[in-house]
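Report on the structure
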Amino acid sequence: MDYFSTVVNNWYQVAGFNTELPKHDCGRVSDILEMFRIITYGIDHHSKNRTPVEDKLAFELEFQGFNHNDPQENHMASYVDFLLESWLHLRAGEERLRAESVVDALGKYPRPITLSNFVAFDVVGC
């Protein structure tokens, strides 16, 4: 990183702004969260089928978060917070999310949403 980039990056951090997490790191975070979602589902499935996973093993298989002392992992942790907050906002309309529609919903979304469609200030996201 050249001197100018270092100064700008340090200024962003001091000012409280977060730079955008690189797309490949966003994918890594999503993959990690998906892995733990599947593990959690498996543990719950075994518990319901009366073949529970030992508590110690279940604890070791829980998502332990990211190391906030490491700059990259701290940034990933901020992205996880952003994702959770985003999904929790949708939770308020959960009844509609689970409702059975009589209108084709996909027609309302004619193309995939791209990152360029969003403008956000002071948000860590991808």
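Description of the structure in this document.

Cut-offs applied
- Residues numbered from 1 in each chain as written.
- Predicted model: local features only at pLDDT ≥ 70, side-chain atom pairs only at ≥ 80, totals over all residues.
- Heavy atoms only, no water.
- Phe/Tyr/Trp six-rings, centres within 6.5 Å; stacked < 30°, edge-to-face > 60°.
- Buried < 20%, exposed > 50% of the residue type's maximum accessible area, 1.4 Å probe, protein only.
- Salt bridge = Lys/Arg side-chain N within 4 Å of Asp/Glu carboxyl O.
- Helix = DSSP H or I, 4+ residues; strand = E, 2+ residues; numbered from the N terminus.

**Quick word on the packing of aromatic side chains**
The geometry of two aromatic rings is summed up by the distance between their centres and the angle between their planes. Taken as a whole, this structure holds 3 aromatic pairs when the rule is applied. Ring geometry for F63 against F66: centres 5.6 Å apart, planes inclined by 75°, an arrangement best described as edge-to-face. On the basis of relative accessible area, F63 is assigned to the partly exposed category, the value being 31%. Within the aromatic cluster, the residues linked to one another by ring pairs are F36, F63 and F66.

**What about the pattern of salt bridges?**
Working definition: two side chains of opposite charge can pair if their charged atoms are close together. Counted according to the given criterion, the structure contains 2 salt bridges. One salt bridge connects D25 with R28, and the closest N-O pair in it is separated by 3.5 Å. Remark: R28 and D25 occur in helix α2 (residues 23–48); sequence separation between them is 3 residues, near one turn of the helix. Under the relative-accessibility criterion, D25 is labelled buried at 3%. According to the relative accessible area criterion, R28 is partly exposed, its value standing at 44%. With its nearest N and O atoms 2.7 Å apart, the salt bridge here joins E34 to R37. Within this pair, E34 and its partner R37 are both found in helix α2, separated by 3 residues, close to a single helical turn. Of the residues examined, E34 reaches a relative accessible area of 36% and is grouped as partly exposed.

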